[in-house]
Amino acid sequence: MWSKFSYLSYLASLAFLLMMLFRFNPLNLYNFDLICILGLYAFGLIGFVFSILSVFLDKRKSKKNPYQSFVAYMGMILVFTGIVFRLMHWPFQLLFLLGGLVLIVISYFIKKEKPNSKNDLLDDQLMDEQ
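Residues numbered from 1 in each chain as written. Predicted model: local features only at pLDDT ≥ 70, side-chain atom pairs only at ≥ 80, totals over all residues. Heavy atoms only, no water.

## Structural notes on the pattern of salt bridges
Taken as a whole, this structure holds one salt bridge when the rule is applied. A salt bridge links Arg23 to Asp33, with the nearest nitrogen and oxygen atoms 2.8 Å apart. Note that Arg23 is positioned in the loop between α1 (2-21) and α2 (32-57) and Asp33 in helix α2, a separation of ten residues in sequence. Note on Arg23: relative accessible area 60%, which makes it exposed. (Salt bridge = Lys/Arg side-chain N within 4 Å of Asp/Glu carboxyl O. Helix = DSSP H or I, 4+ residues; strand = E, 2+ residues; numbered from the N terminus. Buried < 20%, exposed > 50% of the residue type's maximum accessible area, 1.4 Å probe, protein only.)

## Overview of the environment of Ala15
Its location among the elements puts Ala15 in helix α1. We classify Ala15 as partly exposed; its relative accessible area is 36%. C-alpha separation for the pair Ala15 and Cys36, spaced 21 residues apart in sequence, amounts to 9.1 Å.

## What about a nonpolar patch on the surface?
Taken together, the side chains of Met1, Phe5, Leu8, Leu11, Leu14, Leu18, Leu21, Phe22 and Phe24 define a hydrophobic patch exposed on the protein surface, amounting to about 960 Å² of accessible area. You can see Leu21 is positioned in helix α1. Residue classification places Leu21 among the exposed positions, given a relative accessible area of 52%. (Patch = residues over 30% accessible without salt bridge, like charges linked within 9 Å, V, L, I, M, F, W, Y side chains within 5 Å. Areas by Shrake-Rupley, 256 points an atom, 1.4 Å probe, with all protein chains shown as cover.)

## A short note on the packing of α1 against α2
At a closest axis distance of 7 Å, the pairing of α1 and α2 adopts a crossing angle of 160°. One finds that α1 runs roughly antiparallel with respect to α2. In the crossing of α1 with α2, the sense of the turn from one axis to the other is left-handed. Here the contact of α1 with α2 is composed, by residue class, of 19 nonpolar, nine polar and one charged. (Axes fitted to C-alpha atoms, helices over the stretch in contact; angles between N-to-C directions. Parallel < 35°, antiparallel > 145°, perpendicular 65-115°, else oblique. Left-handed = near helix turned anticlockwise from the far one by under 90°. Nonpolar A, V, L, I, M, F, W, Y, C, P; charged D, E, K, R; others polar.)

## Quick look at the nonpolar core
Within the largest apolar cluster, 13 residues are counted, with the highest numbers of intra-cluster contacts made by Cys36, Leu40, Phe48 and Tyr73. Counting residues per element, the ones that place at least two in this core are α1, α2 and α3 (66-88). Per-element accounting of this core gives the leading share, seven residues, to α2. In contact with Leu40, not counting residues within four places along its chain, are Ser13, Phe16, Leu17, Phe80, Val84 and Leu87. (Core = buried A, V, L, I, M, F, W, Y, C linked by side-chain atoms within 4.5 Å. Contact = heavy atoms within 4.5 Å.)

Set out below in structure tokens:
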């Protein structure tokens with residue numbers, strides 16, 4: 001359920017990005033670029049929150065390691081912040097982009113599945129021999 005909400009908010013964020021890039025202003029608003037940037041960032045953050053909720057609360061994703069997903073999402077939000085800083089010509093844009101990319105790479109080295117707490121058959125046999 002939460003993942004569907006995150007997809008919808010990411011889709012809204014993408015719509016704001018495309019409207020800003022192609023200068024599509026259907027209502028002829030005065031500060032349209034600022035509205036698009038705020039909408040892009042707001043829906044991106046909402047999508048991030050829903051994505052985190054989907055990792056921890058959806059039952060279908062129980063096999064995934066939540067820490068791996070959390071680190072990957074933190075990296076994505078840093079990259080997203082770096083893109084916003086880049087669009088606004090603010091300083092430290094490269095720092096956010098590189099930091100986010102490094103976190104995403106680190107997340108790939110975290111085990112993807114939760115360790116199974118059940119003992120294997122071989123482990124039981126080794127315990128019996130000792």
